[in-house]
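Here's the letter readout for the chains.
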Amino acid sequence: MADFDRMEANLLFCPKCREATPVRKRLLIVLPEGDKFDYVCSRCGTVSGDKIERESPPALGAMPAPPFARQR
Ligand SMILES: [Zn+2]
């Protein structure tokens, strides 16, 4: 059984393995619009994708928030 811990088990196409492989999520940078993650192939370590994940759903009304506020 794969040890995915609490991470999502995503499959992404890896250009090196030339097939969809399980990826690990790695926090790359914290941007004002969200946290940017790299998806790294769990087989060969190639970055096969990235994604910006918002901490909270975007509010329709302008809601002032500190740009780099992160809480876990
Ligand atoms: Zn790979």
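This text goes with the structure placed above it.
Novice: Which residues make up the coordination of the zinc ion, and what are the values?
Specialist: Expected angles at a metal are 109.5 degrees for tetrahedral coordination by four donors and either 90 or 180 degrees for octahedral coordination by six donors. Distances from the zinc ion to its protein donors, Cys-14 (SG), Cys-17 (SG), Cys-41 (SG) and Cys-44 (SG), fall within 2.2 to 2.4 Å. In this structure, the zinc ion is surrounded by 4 donor atoms whose angles at the metal cover 103 to 115°, and the resulting shape is tetrahedral. The sequence motif formed by the donor residues of the zinc ion is C-x2-C-x23-C-x2-C. Overall, Cys-14 belongs to the buried group, its relative accessible area being 0%. Residue Cys-17 is classed as partly exposed on the basis of its relative accessible area, which comes to 25%.

Novice: I'd like a rundown of the pairing of strand β1 (residues 10-14), residues and numbers included.
Specialist: In terms of strand pairing, β1 meets strand β2 (residues 19-31) through 5 bridges, oriented antiparallel. By the bridge assignment for β2, Cys-14 is matched with Glu-19. As consecutive antiparallel partners, β1 and β2 are separated by 4 residues, and within that stretch Arg-18 has a phi angle of approximately 60°, a positive value.

Novice: Quick one: what's the story with the sheet that holds strand β3 (residues 34-41), residue by residue and with numbers?
Specialist: The sheet built from 4 strands is open, its strands ordered β1-β2-β3-β4 with antiparallel pairing. Each of the sheet's edge strands pairs with one partner strand only, and the pair in question is β1 and β4 (47-53). Adjacent strand axes in the sheet meet at a mean angle of 45°, parallel and antiparallel pairs treated alike. By the bridge criterion, 8 bridges tie β2 to β3 in an arrangement that is antiparallel. When the bridges of β3 are listed, Leu-31 appears paired with Gly-34.

Analysis parameters
Residues numbered from 1 in each chain as written. Predicted model: local features only at pLDDT ≥ 70, side-chain atom pairs only at ≥ 80, totals over all residues. Heavy atoms only, no water. Donors = N, O, S within 2.8 Å, 3.2 Å for Na, K, Ca; no water. Tetrahedral: all angles 85-135°; square planar, octahedral: opposite > 155°, others 65-115°. Buried < 20%, exposed > 50% of the residue type's maximum accessible area, 1.4 Å probe, protein only. Pairing = 2+ DSSP bridges. Helix = DSSP H or I, 4+ residues; strand = E, 2+ residues; numbered from the N terminus. Axes fitted to C-alpha atoms, helices over the stretch in contact; angles between N-to-C directions.

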